[in-house]
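Close look at the chain arrangement
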Amino acid sequence: MDKARFLMGPLHHFGPPPTRTPLSSSARPCSMIFRRLLTSLARSQAAPFPGLPRPISPPAISRNTVLSRLGFFARRREGIRSLLMSLSSPAEEAKRTPFVPLPPSTADKAGLFKRLEAMLGSPFSSDPFSPPPNPLILVVSGPSGVGKDAVIKRLLEVRDGLHFVVTATSRPQRPGEVDGKDYYFVSKEEFLSMIERDELLEHAIVYGDYKGIPKKQVGTCFEVLSALCLIRDYLAKGFDIVLRVDIQGAATLRSVLGDSAVFIFLVAESEEALVKRLVSRKTETPEMLLIRVATAREEVRHMKEFDYVVTNAEGKLNNAVKLVESIIDAEKARIHSRNIRI
Ligand SMILES: Nc1ncnc2c1ncn2[C@@H]1O[C@H](COP(=O)(O)OP(=O)(O)OP(=O)(O)O)[C@@H](O)[C@H]1O
């Protein structure tokens, strides 16, 4: 053991213990300077009779001695300065709360809690560690017959705090669908005049029918608001927004919303399963079926433009809905939440 180390005994908290792994290159100069300083301090505390062992403890190095001798280097080396800062002055020492031992483990919880607070010097905060999550805009899309309506309908049943933005369509109303709730059912002529009057946020001709999100929507208290205004209104109230669009509509919404929204692509487990599902729905003529299936082949190529893909497998609607819920939950748990700009 070298002389400096020998003398360092009670001052070990000044520097790294001898067995530590090598210091990083940034820390090395500081530690070298420090060791040299201590070596020089050790030499200056030389034993009166060479050959005799030095006293082990306490070393005759007072805090003031260390401070004064290190002063020159302390002004130049940030690392040393911060180490010295950890040494408290006598005045600070006097101000310190006298050491109170922790109560035994058998102590009551309330007493232990209070003692821990007292020892840390401030009461424990009951504020949540994480702020409340931001509301989301969810865009659900996918080929015809994949189950967009079915998934969204079930999602709205099982999850609170969602607002569904109703789409206008020129396709005929299907059994069980409610005008103004599932869709706004309008004629092709009405839809064309909506396009002319620029009343749609996005629109597309999907399998020969028009579909689009009207800019004017019935908001809370039945006032008519623009779709974006309505979305903002619901977001401000903490609701998550759900939009259902076809693939063309999703592309338009991506250009409007960018990364503000979460885009989900719904698929069946296979093309075969998708066609079987469309056939069993019995809502399309064979010609319309052909268009939908041919379009679906093209549409799945756009999957990579979405954020998530959800498989809605035959007879597994609830699994698909659970996966959508998990996506919502995961999005809400993000540290860096999406910055909604609409
Ligand atoms: N997981 C599932 N298993 C079995 N049948 C399903 C499943 N999901 C949806 N369906 C059924 O498949 C058919 C198509 O579903 P849905 O109408 O929701 O599709 P869509 O994507 O909204 O179609 P479109 O875009 O043509 O309106 C419906 O008859 C629906 O009940």
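Residues numbered from 1 in each chain as written. Predicted model: local features only at pLDDT ≥ 70, side-chain atom pairs only at ≥ 80, totals over all residues. Heavy atoms only, no water.

**Digging into the site of the ligand**
Let me state the cut-off plainly: Think of it this way: one heavy atom of a residue within 4 Å of a molecule or strand is enough to make that residue near it. In protein, a polar contact requires one atom able to donate a hydrogen and another able to accept it; more generally it is a pair of N or O atoms within 3.5 Å, and residues adjacent in sequence count only if both atoms are side-chain atoms. Here the accessible surface of atoms and residues is derived via Shrake-Rupley with a 1.4 Å probe, and residues count as covered only by protein chains that are part of the display.
Surrounding the ligand, one finds 19 residues, the nearest of these being Ser144, Lys148, Arg281, Asn312 and Gly315. Within the contact set of the ligand, an oxygen atom lies 3.3 Å away from a backbone nitrogen or oxygen of valine 146. Lysine 148 has a polar side-chain atom sitting 2.8 Å from an oxygen atom of the ligand. Protein burial of the ligand: of its 630 Å² of free accessible surface, 81% is covered by the chains.

**Observations concerning the environment of aspartate 182**
The cut-off we apply is this: Strands are runs of DSSP state E lasting at least 2 residues, helices are runs of H or I lasting at least 4, and numbering of each runs from the N terminus. Under the scheme applied here, a residue whose accessible area is under 20% of the maximum for its type counts as buried, over 50% as exposed, and between as partly exposed, the area being computed with a 1.4 Å probe on protein chains only.
Its place among the elements puts aspartate 182 in the loop between β3 (167–169) and β4 (183–185). Residue classification places aspartate 182 among the buried residues on the basis of a relative accessible area of 17%. When the C-alpha atoms of aspartate 182 and phenylalanine 164 are compared, they prove to be 9.0 Å apart, with 18 residues separating the residues in sequence. Within polar-contact distance, the side chain of aspartate 182 engages the backbone nitrogen of valine 178 at 2.6 Å.

**Observations regarding the pattern of salt bridges**
How we decide: Salt bridges are defined as contacts in which a side-chain nitrogen from Lys or Arg sits within 4 Å of a carboxyl oxygen from Asp or Glu.
The tally for this structure, following the rule as stated, stands at 21 salt bridges. We note a salt bridge from glutamate 284 to arginine 174, for which the minimum N-O separation is 3.6 Å. Taken together, the positions of glutamate 284 in the loop between α11 (271–281) and α12 (286–299) and arginine 174 in the loop between β3 and β4 put the pair 110 residues apart, joining distant regions of the chain. As far as the burial class goes, glutamate 284 and arginine 174 line up, both buried.

**Here's the deal with the packing of helix α7 (residues 148–158) against helix α13 (residues 317–332)**
The test is simple: Helix axes are fitted only over the stretch in contact, all axes being lines through C-alpha atoms; the angle between N-to-C directions runs from 0 to 180 degrees. Roughly parallel refers to an angle under 35 degrees, roughly antiparallel to one over 145, roughly perpendicular to one between 65 and 115, and oblique to any angle outside these ranges. Helix crossings are classified by the rotation of the near helix relative to the far one: an anticlockwise turn of less than a right angle makes the crossing left-handed, while a clockwise turn makes it right-handed. Here, residues are in contact when the closest pair of their heavy atoms is within 4.5 Å. Just so you know the grouping, Ala, Val, Leu, Ile, Met, Phe, Trp, Tyr, Cys and Pro go in nonpolar, Asp, Glu, Lys and Arg go in charged, and all remaining residues, Gly too, go in polar.
Where α7 contacts α13, the two axes come as close as 9 Å, and the packing angle between them is 65°. As far as their axial angle goes, α13 and α7 are roughly perpendicular. Seen along the crossing, α7 lies across α13 with a hand that is right-handed. For the pair α7 and α13, contact is made by Ala150, Val151, Arg154, Leu155 and Val158 and by Leu317, Asn318, Ala320, Val321, Val324 and Glu325, respectively. In the contact of α7 with α13, the residues fall into eight nonpolar, one polar and two charged.

**As for the nonpolar core**
Just so we agree on the cut-off: We call a set of buried Ala, Val, Leu, Ile, Met, Phe, Trp, Tyr and Cys residues a nonpolar core when their side-chain atoms join them within 4.5 Å.
The biggest cluster of nonpolar side chains holds 30 residues, and the ones touching the most others in it are Leu138, Val242, Ile264, Val310 and Val324. Those elements that provide at least two residues to this core are β1 (137–141), α7, β2 (162–165), α8 (188–196), β10 (261–267) and α13. Looking at which element gives the most residues to this core, the answer is α13, with five residues. Leaving out residues up to four positions away in the same chain, isoleucine 264 has contacts with Leu138, Val139, Val140, Ser141, Phe306, Tyr308, Val310, Val324 and Ile327. Among the nonpolar cores identified, the runner-up in size contains 21 residues, and Val139, Ile241, Leu243 and Val267 belong to it.

**Examining a nonpolar patch on the surface**
Stated formally: Put simply, a patch holds well-exposed residues, over 30% relative accessible area, that have no salt bridge, with like charges counted together within 9 Å and Val, Leu, Ile, Met, Phe, Trp or Tyr side chains within 5 Å.
Together, Leu102, Leu112, Phe113, Leu116, Met119, Leu120 and Phe124 give the surface a local cluster of nonpolar side chains, amounting to about 640 Å² of exposed area. Here leucine 102 shows up in the loop between α5 (90–95) and α6 (109–120).

**Some thoughts on the sheet that holds strand β6 (residues 209–214)**
Keep this limit in mind: Two strands form a pair only when DSSP identifies at least two bridges running between them.
Strand order in the open sheet formed by four strands is β4-β3-β6-β5, with mixed pairing between adjacent strands. Both edges of this open sheet fall to β4 and β5 (200–206), since each of them pairs with a single strand only. Ignoring strand direction, the axes of neighbouring strands in this sheet form an average angle of 25°. One ladder, built from six bridges, connects β5 with β6; its direction is antiparallel. Looking at the pairing, glutamate 202 lines up with isoleucine 213 of β6. Helix-sheet contacts for α8 involve β3, β5 and β6, and the interaxial angle to β6 is about 45°.

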